[in-house]
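Chains, contacts and geometry: an overview
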Amino acid sequence: ASSSMLPACSSAFPDKALEAWQGPGPETDPRRWALSHAITAPNPHNLQPWMADLREPGAIVLRTDRQRLLPETDPFGRQILIGHGAMLELLVMALAERGFDSEVTLWPAGELGSDLKTWDDRPVARVVLKPGAKTDPLFAQILKRHTPKVDFDTQAPVALHTLDNLLATAR
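Only a predicted model underlies this, so the values are computations on that prediction, with no experimental measurement involved.

What to know about unusual backbone geometry
For residues that are not glycine, phi is negative in most cases, and the peptide bond is trans in most cases. One non-glycine residue, Gln-48, lies in the positive phi region at around 45°. Among the structural elements, Gln-48 can be located in the loop between helix H1 (30–38) and strand S1 (50–53). Located in the positive-phi region is Trp-107, a residue other than glycine, with phi close to 50°. Residue position: Trp-107 is located in the loop between strand S3 (100–106) and strand S4 (125–131). Overall, the relative accessible area of 23% leaves Trp-107 in the partly exposed class.

Observations regarding the pairing of S1
As judged from the 4 bridges shared by S1 and strand S2 (residues 59–64), these two strands associate in the antiparallel manner. When the sheet's bridge partners are listed, Ala-52 is paired in S2 with Leu-62. The hairpin turn running from S1 into S2, its antiparallel successor, is 5 residues long, and Gly-58 in that turn takes a positive phi close to 75°.

Brief notes about the packing of H1 against helix H2 (residues 78–97)
Put simply, H1 and H2 touch, their axes get as near as 8 Å, and they point 135° apart. Considered as vectors, H1 and H2 are oriented oblique to each other. As H1 packs across H2, the resulting crossing turns out to be right-handed. Along its contact with H1, which presents Pro-30, Arg-31, Trp-33, Ala-34, Leu-35, His-37 and Ala-38, the element H2 presents Met-87, Leu-90, Leu-91, Ala-94, Leu-95 and Glu-97. For the contact of H1 with H2, a count of residues per class yields 10 nonpolar, 1 polar and 2 charged.

Regarding a nonpolar patch on the surface
On the surface, Val-158, Leu-160, Leu-163, Leu-166 and Leu-167 cluster together into a nonpolar patch covering about 480 Å² of accessible area. Here Leu-160 shows up in helix H3 (residues 160–170).

What counts, and at which threshold
Residues numbered from 1 in each chain as written. Predicted model: local features only at pLDDT ≥ 70, side-chain atom pairs only at ≥ 80, totals over all residues. Heavy atoms only, no water. Helix = DSSP H or I, 4+ residues; strand = E, 2+ residues; numbered from the N terminus. Buried < 20%, exposed > 50% of the residue type's maximum accessible area, 1.4 Å probe, protein only. Pairing = 2+ DSSP bridges. Axes fitted to C-alpha atoms, helices over the stretch in contact; angles between N-to-C directions. Parallel < 35°, antiparallel > 145°, perpendicular 65-115°, else oblique. Left-handed = near helix turned anticlockwise from the far one by under 90°. Contact = heavy atoms within 4.5 Å. Nonpolar A, V, L, I, M, F, W, Y, C, P; charged D, E, K, R; others polar. Patch = residues over 30% accessible without salt bridge, like charges linked within 9 Å, V, L, I, M, F, W, Y side chains within 5 Å. Areas by Shrake-Rupley, 256 points an atom, 1.4 Å probe, with all protein chains shown as cover. Salt bridge = Lys/Arg side-chain N within 4 Å of Asp/Glu carboxyl O.

This is the structure in structure tokens:
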């Protein structure tokens, strides 16, 4: 539906919404620098449902922000945890860019249950920074990735060359 049909919906959004995609600036802590990239990970419902604990030197402990769970649409927390996985993937890539290998331990204090009511502060993952890493060429794309936040013109025809390219990939 177009925004003219839904007056409360708009493609306009505040500049602050794009702040994370501007990069970390002059950050000296490699963990914070890497996290500034990882928080841009695609995640269900665009909730960024994670918290990073940096109290342990040389490590990042990732927890779920239980205030950002959606029990009505994600009753088992599956989508939330998929988002955590995407965030961890970007975190590992960003740490490698700074020269750190990542030792990732999932569920270091035991898994969270399938009932969201039982979720507590147990970490989803613990990432220990180790010297030396092979960089990932996909890192360069992290801050370039975006979701179009514009209205789509469903009346405009798809360009013939675009359609041909799409069909060619399906063969």
